[in-house]
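Structural features, examined
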Amino acid sequence: MWTLIFGLGLLLPNLVFGQSSDVLRIEYLNIPENDTGIKTQRYKFLFNVPIKINPKKDYLITGLEYNKLDIGYSQDFGFDKSDLNRFHVIDLNLGYITKWNENWNLVTILTPRIASNFTNGTLTDDFFMNATATFWKENSKAPKPYRIVLGLSYNSTTGLPIPLPLVSYYRKFHPKWSFTLGIPKSGFKHYLGKKHTLETALFLDGYFINIQDNIVLPDNQIASKISLTSLVFALGYEFRLTKHMRFYTLAGRSIEQEGKLRNDDRGDVFLLNDEANFYIRTGFKIGIF
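The sections below set out a description of the structure shown in this document. (Residues numbered from 1 in each chain as written. Predicted model: local features only at pLDDT ≥ 70, side-chain atom pairs only at ≥ 80, totals over all residues. Heavy atoms only, no water.)

What to know about the nonpolar core
Formed by 31 residues in total, the largest nonpolar core has its most connected members in Phe79, Leu84, Phe87, Ile209, Ile226 and Leu261. Put simply, the parts of the chain that give this core at least two residues each are strand S1 (22–31), strand S3 (59–73), strand S4 (86–99), strand S11 (196–216), strand S12 (222–240), strand S13 (245–262) and strand S14 (268–273). Counting residues per element, this core draws most heavily on S11, which supplies seven residues. Ignoring anything within four residues of it in the chain, the contact list for Ile209 reads Leu69, Phe87, Val89, Ala115, Ser116, Asn117, Ser224, Lys225 and Ile226. (Core = buried A, V, L, I, M, F, W, Y, C linked by side-chain atoms within 4.5 Å. Buried < 20%, exposed > 50% of the residue type's maximum accessible area, 1.4 Å probe, protein only. Helix = DSSP H or I, 4+ residues; strand = E, 2+ residues; numbered from the N terminus. Contact = heavy atoms within 4.5 Å.)

Quick word on the pairing of strand S7 (residues 146–155)
The side chains of a regular strand alternate, residue by residue, between the two faces of the sheet. With seven of ten residues buried, S7 lies mostly within the body of the structure. Sheet analysis places strand S6 (residues 127–139) next to S7, joined by ten bridges and oriented antiparallel. Looking across to S7, one finds that Thr132 is bridged to Ser153. Following S6, the chain reverses through six residues before pairing antiparallel with S7. Here S7 pairs with strand S8 (residues 164–174) via eight bridges, running antiparallel. Bridging from a neighbouring strand, Ser153 pairs with Leu164 of S8. (Pairing = 2+ DSSP bridges.)

Overview of the packing of aromatic side chains
What the rule picks out here adds up to twelve aromatic pairs. Between the aromatic rings of Phe173 and Phe179, the centroid separation amounts to 5.8 Å while the plane-to-plane angle is 40 degrees, which identifies the pairing as tilted. Here the aromatic residues Tyr73, Phe77, Phe79 and Phe270 are joined through ring pairs into a cluster of three or more. When the ring centre of Tyr170 is taken as origin, the NZ or CZ atom of Arg147, which lies over that ring, is 4.7 Å away. Residue placement shows Arg281 over the ring face of Phe203; its charged tip is 4.9 Å from the ring centre. (Phe/Tyr/Trp six-rings, centres within 6.5 Å; stacked < 30°, edge-to-face > 60°. Lys NZ or Arg CZ within 6 Å of the ring centre and 35° of its normal.)

Observations regarding the environment of Asp205
For Asp205, the position within the fold is in strand S11. Taking the C-alpha atoms as reference points, Asp205 and Gly252, 47 residues apart in sequence, are found 13 Å from one another. Beyond its immediate chain neighbours, meaning those up to four positions away, Asp205 contacts Leu29, Arg42, Leu228, Thr229, Ser230, Tyr279 and Arg281. Polar contacts involving the side chain of Asp205 include one to the side chain of Tyr279, which spans 2.4 Å. (Polar contact = N/O pair within 3.5 Å; in protein donor to acceptor, adjacent residues only side chain to side chain.)

Right, dumping it as structure tokens:
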């Protein structure tokens, strides 16, 4: 079950103008130290450019996302952790949006990824390939505006050899209230006027990254990958500068969490962290919704 949840959680960064609709995002994440002695900081930069390519309003999407993770350990696990302190994830987003019919748009995305600690330059195992295809329908002028996203995504970092479903349904059912139901995020929003929004959110977060210098564990197993899967509940606040520009903060706690070392076959070889953490995320974004 957690393998499936892990896979679905990793789909989030690959959905450009699907479930993730940001043109620009600058973000800082802090997961403070918990009982296992692990703390994490993540710095994110994302930039996507929609290019109109014909009168039908088809768009080519090109973009880049960069994440830097700094991880600290205060406990001794019985092996050298010096190669597990800093990681980098770089995604190149290549997407195409076309009008499928009167009601639906088709969004296809190809996302080559490099995810590594880069201790020895760039290696073949640092490269991953992800792909997404979704149908997207919305009506922002309806009495109760809504948006539906239905699709499939293949993510090479999940270890599952099949595309996984993507579902998201958004509706503004009251002038001051809206909800989103789906994977990898669900929640409610309450609008306090035009500039201030409060929200509750339940979402998946995580990473899967190559370790270039294999780590020999105390039981002689070999670790070559590191992963984190978190199911987080958070409360948020958003300040809207303009229709599309916003500052935001989310603060909450993980409900379930597993940080692991894995082998070349993506099998579990060492449990780093299965204790709940506080979760604080803040940033600035420009979106199309």
